[in-house]
Amino acid sequence: MEDFSAVIDKCLEPVFTLFGEQQDIHQWFRDMSGAVCQDVLKLDPTGAECARVFAAQAAECFELNFNAVELQVKSLDPDYRTACTKGCSYCCSSHITLMPQEAFRIADMLRKSLGRKDLKGLLKEISKGGADYDEKGFRGFGEDYFRPCPFLREDHCVIYDIRPLSCRNWMSQDIEACKTSYESRNKISVPQNAILMIQKELVFAGQNAALSRYGIRGEICSFLPVLETILGDYEGSYEKWLSGEVLRGQLED
Ligand code: SF4
Ligand code: SF4
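My aim in this report is to walk through the structure given alongside it, one point at a time. (Residues numbered from 1 in each chain as written. Chains lettered and ligands numbered in written order. Predicted model: local features only at pLDDT ≥ 70, side-chain atom pairs only at ≥ 80, totals over all residues. Heavy atoms only, no water.)

Some points on the overall build of the protein
Right, on to step 1. On a plain count of helices and strands, the protein comes out with 13 helices and four strands.
Right, on to step 2. Relative to its length of 253 residues, the protein is compact, with a C-alpha radius of gyration of 18 Å against a globular reference of 18 Å.
Right, on to step 3. Sequence-distant contacts, at least 24 apart, represent 78% of the contacts inside the protein between residues at least 6 apart.
Right, on to step 4. Total accessible area computed for the protein in this model is approximately 13,000 Å², and 51% of it derives from carbon and sulfur atoms.
Right, on to step 5. Mean positive and mean negative side-chain charge positions of the protein (29 and 39 charges, respectively) differ by 6 Å. (Helix = DSSP H or I, 4+ residues; strand = E, 2+ residues; numbered from the N terminus. Rg over C-alpha atoms; globule rule 2.2 N^0.38 Å. Contact = heavy atoms within 4.5 Å. Areas by Shrake-Rupley, 256 points an atom, 1.4 Å probe, with all protein chains shown as cover. Lys, Arg positive; Asp, Glu negative; His and termini not counted. Charge placed at Lys NZ, Arg CZ, Asp CG, Glu CD.)

Considering the site of ligand 1
Right, on to step 1. Residues in close proximity to ligand 1 include Cys84, Cys88, Tyr90, Cys91, Trp170, Ser172, Ile175, Cys178 and Val190, which together make up its full environment.
Right, on to step 2. Its residues assigned to classes, the shell around ligand 1 shows eight nonpolar, one polar and no charged. (Near = heavy atom within 4 Å. Nonpolar A, V, L, I, M, F, W, Y, C, P; charged D, E, K, R; others polar.)

Re the pattern of salt bridges
Right, on to step 1. Summed over all chains, the structure comprises 16 salt bridges.
Right, on to step 2. Residues Lys74 and Glu70 are paired through a salt bridge, measuring 3.9 Å at the closest nitrogen-oxygen approach. One end of the pair is Lys74 and the other is Glu70, both in helix H5 (residues 50-76) and four residues apart, which spans about a single turn.
Right, on to step 3. By relative accessible area, which is 12% here, Glu70 ends up buried.
Right, on to step 4. Across the pair Arg111 and Asp108 runs a salt bridge whose closest N-O atoms are separated by 3.8 Å. Within this pair, Arg111 and its partner Asp108 are both found in helix H6 (residues 100-113), separated by three residues, close to a single helical turn.
Right, on to step 5. The exposure class assigned to Asp108 is buried, which follows from its relative accessible area of 8%.
Right, on to step 6. Connected through shared salt-bridge partners, Asp108, Arg111, Lys112 and Glu235 make up one network. (Salt bridge = Lys/Arg side-chain N within 4 Å of Asp/Glu carboxyl O. Buried < 20%, exposed > 50% of the residue type's maximum accessible area, 1.4 Å probe, protein only.)

Thoughts on the packing of aromatic side chains
Right, on to step 1. For the structure on display, the rule yields 13 aromatic pairs.
Right, on to step 2. Between Tyr133 and Phe141 the ring centres are 5.3 Å apart and the planes differ by 80 degrees, which places this aromatic pair in the edge-to-face class.
Right, on to step 3. By the ring-pair criterion, three or more aromatic residues cluster together here, those being Phe104, Tyr234, Tyr238 and Trp241.
Right, on to step 4. Here the basic side chain of Arg111 rests over the ring of Tyr234, its NZ or CZ set 4.0 Å away from the ring centre. (Phe/Tyr/Trp six-rings, centres within 6.5 Å; stacked < 30°, edge-to-face > 60°. Lys NZ or Arg CZ within 6 Å of the ring centre and 35° of its normal.)

A look at helix H7 (residues 116-129)
Right, on to step 1. When the terminal C-alpha atoms of H7 are compared, their 20 Å separation across 14 residues agrees well with the 20 Å that a helix rising 1.5 Å per residue should span.
Right, on to step 2. Here H7 has its buried residues at Leu122, Ile126 and Gly129. Buried residues along H7 cover an arc of 55 degrees about the axis, so they all sit on one side. In H7, the exposed positions angled more than 90 degrees off the buried face are occupied by Arg116, Lys117, Lys120, Lys124 and Lys128.
Right, on to step 3. Against H6, helix H8 (133-143), strand S2 (152-153) and helix H12 (223-232) lie the buried residues of H7. (Expected span 1.5 Å × (residues − 1). Arc of directions from axis to C-beta.)

Points about the site of ligand 2
Right, on to step 1. Looking at ligand 2, the residues that line it are Cys92, Ile96, Cys149, Phe151, Leu152, Cys157, Ile159, Pro164, Cys167 and Phe223.
Right, on to step 2. Grouping the amino acids of the shell around ligand 2 by side-chain chemistry returns ten nonpolar, no polar and no charged.

Concerning unusual backbone geometry
Right, on to step 1. Of note, Glu154 is a non-glycine position whose phi angle comes to about 45 degrees, a positive value.
Right, on to step 2. Looking at the element boundaries, Glu154 is found in the loop between S2 and strand S3 (156-157).
Right, on to step 3. Exposure remark for Glu154: the relative accessible area of 76% places this residue in the exposed category.
Right, on to step 4. A positive phi is found at Asp155, a non-glycine position, where the angle reads about 65 degrees.
Right, on to step 5. Inspection of the secondary structure assignment puts Asp155 in the loop between S2 and S3.
Right, on to step 6. On the basis of relative accessible area, Asp155 is assigned to the partly exposed category, the value being 43%.

Bear in mind that shape data such as this cannot, by itself, settle questions of function.
Laid out in structure tokens, this is it:
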């Protein structure tokens, strides 16, 4: 079992680099990460429903934190404007990463709501989207990723209520930049406020550290490959995950 603080520090490395050697700010982010996962620390993650409960807690916590921080950003910067609107979906062709518990929650909902034929069709589409994953690996796969998400239908997300935190975190200040990026048919880049962007990392780090107490790997996953793995064998994947194995599609280091 890894040390709780060490897991948080490892997850927050990309955030720390944004703030150089400012140790007081690093500590503030560490504390925030610990605080946002306080509720999940009280839960035993080894039950059959644990992934769904962890993912639901993560989404709720993220939304609360994000909204509070967004209000602060707006109060400090009168020029701050959000460009995102309903039906805007340039960002839905980007490489989505998510926590394994989020992937299990989505797969669980799909299994319960779709018929066998629809599920088979969806699995085929997901599998096509992640076909070059094994050859490229996690980082290579995300490098120049550009493909519409299989859950995007007529510019709307069909899993909106349970969409990953990464999707909730896209909040652009410049729609033209999103459009230009989309038209380049290469990795989508969205201009974002840095403080808002960090909210998802805090939840990822906190939940990863909480899971590590039970020897469960909480590293982020690439959306399509991990979903293909889980939908292909839900119970088997769940068992492997609870026993500490890394899933196909999950970052290993
Ligand atoms: S992030 Fe960009 S592409 Fe996505 S909804 Fe907002 S403005 Fe549209
Ligand atoms: S899950 Fe939904 S919000 Fe996220 S990329 Fe896919 S369609 Fe877009």
